[in-house]
Amino acid sequence: MDEQHLLECYRRIWHNRRLDSRLPPEEALEDALMRDLLDEGTHPRVRKSITDKYALSVSRVQDSLLQKEEKNELIIRYNTVMNRLLNH
């Protein structure tokens, strides 16, 4: 699936998330997913764990109005970023 399309899918689910428009679509998406899993938009005292954020994010993707293929691709990307974060 085209990276720009996948980034647009992410934007449809998370309307108010900051995306770095200076980055290529693949890097902008990865950056957004990483910030989401690290719960960087939340005050440090109330941040959720990476595994909690992963479960919430995947659930939100699954409950979205995206096409099945789009959902699957976003979840695959979340899996990739999650594995990278856990193996660091």
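In the block above lies the structure referred to throughout.
Peer 1: I'd like to hear about helix α3 (residues 50–63), residue by residue, with values.
Peer 2: Compared with an ideal rise of 1.5 Å per residue, which puts 14 residues at 20 Å, α3 spans 20 Å between its outermost C-alpha atoms and is within 8% of the ideal. For α3, every residue scored as buried is listed here: Lys-53, Ser-57, Val-58 and Val-61. Down the axis of α3, the buried set is contained in an arc of 130°. They therefore lie on one face. Of the surrounding secondary structure, the elements contacted by the buried residues of α3 are α1 (3–13), α2 (25–37) and α4 (68–86).

Peer 1: Can you break down the pattern of salt bridges residue by residue, with the values?
Peer 2: Counted according to the given criterion, the structure contains 10 salt bridges. One salt bridge connects Glu-3 with Arg-77, and the closest N-O pair in it is separated by 2.8 Å. Highlighted residues: Glu-3 in helix α1 and Arg-77 in helix α4, separated in sequence by 74 residues. Taking the shortest distance from any N to any O, the salt bridge between Arg-12 and Glu-70 comes out at 3.6 Å. Remark: Glu-70 occurs in helix α4 and Arg-12 occurs in helix α1; sequence separation between them is 58 residues. Taken together, the salt bridges that share partners define one network made up of Arg-17, Asp-36, Asp-39 and Lys-53.

Peer 1: Can you break down the nonpolar core residue by residue, with the values?
Peer 2: Counting 21 residues, the largest nonpolar core has Tyr-10, Leu-29, Val-61, Leu-74 and Tyr-78 as its most contacted members. Looking at which element gives the most residues to this core, the answer is α4, with 6 residues. Leave out the neighbours within four places in its chain, and Tyr-78 touches Tyr-10, Trp-14, Leu-33, Asp-36, Leu-37, Tyr-54, Ser-57 and Val-61.

The rules we used
Residues numbered from 1 in each chain as written. Predicted model: local features only at pLDDT ≥ 70, side-chain atom pairs only at ≥ 80, totals over all residues. Heavy atoms only, no water. Helix = DSSP H or I, 4+ residues; strand = E, 2+ residues; numbered from the N terminus. Expected span 1.5 Å × (residues − 1). Buried < 20%, exposed > 50% of the residue type's maximum accessible area, 1.4 Å probe, protein only. Arc of directions from axis to C-beta. Contact = heavy atoms within 4.5 Å. Salt bridge = Lys/Arg side-chain N within 4 Å of Asp/Glu carboxyl O. Core = buried A, V, L, I, M, F, W, Y, C linked by side-chain atoms within 4.5 Å.

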